[in-house]
Amino acid sequence: MKKILTLATLILGVLTCSAQAQSSSYPTRSVRAVLPYSVGGGPDTVARMIGEQLSTAWKQPFIVENKPGANGWLALGEVKRSAADGYSIAIVDNTHMTLHPHLYKKMPFDPARDFVAAAPIYSTHFFIVVSANSPWRNVGDLIGAAHKANGHLTYGTWGIGSVAHLGSTILQQRTQMSMTHIPFKDLSQLYAAVANGDVDWAFGTAATVQNLYQAKRVKFLALAAPARLAAYPDVPTIAQAGGPQDFELKTWVAAFAPRGTPQAVIESLNTAIAAALRTPAIKQRFETFGFNAWSVDAPGLARAVNEDSAHFGQIVQKANIALD
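Below is a short write-up of the structure. No experiment lies behind these values; they were computed from the predicted model shown.

Section: the side chain of His100
Then, number 1: Its place among the elements puts His100 in helix α4 (residues 94-103).
Then, number 2: With a relative accessible area of 8%, His100 lands in the buried category.

Thoughts on the sheet that holds strand β8 (residues 201-204)
Then, number 1: Taken in spatial order, the five strands make up an open sheet running β7-β6-β8-β5-β9, and their pairing is mixed. Two strands bound the open sheet, and with one partner strand each, they are β7 (180-183) and β9 (218-223). Sheet twist, expressed as the average angle between the axes of neighbouring strands with direction ignored, equals 35°.
Then, number 2: Summarising the sheet, strand β6 (residues 154-157) and β8 pair through two bridges and their orientation is parallel. Residue pairing in the sheet places Gly156 in a bridge with Ala202 of β8.
Then, number 3: On top of the sheet, helix α6 (residues 139-149) reaches β5 (127-131), β8 and β9; it is set at about 95° to β9, its chief contact.
Then, number 4: Along the sheet, helix α8 (residues 187-196) makes contact with β5, β6, β8 and β9, crossing β8 at roughly 135°.

A few points about the nonpolar core
Then, number 1: With 88 residues, the main nonpolar core has Ile50, Ile121, Ile128, Trp201, Phe203 and Phe256 as its most contacted residues.
Then, number 2: Two domains each provide a minimum of three residues to this core, namely domain 1 (31-123 + 252-319) and domain 2 (125-240).
Then, number 3: Of all hydrophobic cores here, the second largest spans 20 residues; its members include Leu190, Val194, Val199 and Phe220.

Scoring rules and cut-offs
- Residues numbered from 1 in each chain as written.
- Predicted model: local features only at pLDDT ≥ 70, side-chain atom pairs only at ≥ 80, totals over all residues.
- Heavy atoms only, no water.
- Helix = DSSP H or I, 4+ residues; strand = E, 2+ residues; numbered from the N terminus.
- Buried < 20%, exposed > 50% of the residue type's maximum accessible area, 1.4 Å probe, protein only.
- Pairing = 2+ DSSP bridges.
- Axes fitted to C-alpha atoms, helices over the stretch in contact; angles between N-to-C directions.
- Contact = heavy atoms within 4.5 Å.
- Core = buried A, V, L, I, M, F, W, Y, C linked by side-chain atoms within 4.5 Å.
- Domains from an automatic or database assignment.

This is the structure we're talking about:
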């Protein structure tokens, strides 16, 4: 019995030392981040900024690889098939990890089974965006107009089942409004339509609508968040602007690794990305984009993923939305 216990102790000691060694030496070669976004978008820009910081800290290249298309499944499939060693990670938003599983009956991967939460990066809340020429001054005006229009008032999104679509659905439910959904395939087309008055309103983030906002072609009626943003102090929350209380709509971006990646490596990734988010260059860019740096440990991110998935699941079921 003593021999068995001694052997077990030795094995445990070897495994512990191996994990610690892997953590302390990681990475020993280039790390690639696979993204389901085109070059130049918000998540891509942030990933490259973080990559610069990590390359300097690690003294190893951090390579951003863009694989847009197929609902983000190309990028996630690439990482799923990669070795579970921390050298291939996915940087994606909550749509891919917590919303799609409720919209599609068949997916080429299971987020909960095939991936492990590694490091949060940022979250960002949505504004209610209208044309600069819109007569509405606040959300109360929008709600009143919607009730009078009997379903003819329009809102745009970047697709059925998108976060914006679900958020608009919740807003209608909570205010007993009925509106017509106009889905677009391209974000630039969506917000151009809002600016031109072809669509009455849409949800948008500061990053996606910033150019039109600065050009004074659109205006923000309210922010779907608990409190105002420091970068936009004059924009009230939805509750402050005559809308429902406690209305919040946000998206987030985080890093995920293939299931089976050593815990020590996950912790190293989490620590390194959190440190990168604290650098002045990234903090300044985040303030401009209206992004909130998000730093919790890997278990905290996993809990947030589960909560987000449960939240979206309830909305999708109640609204009876399905994409296959």
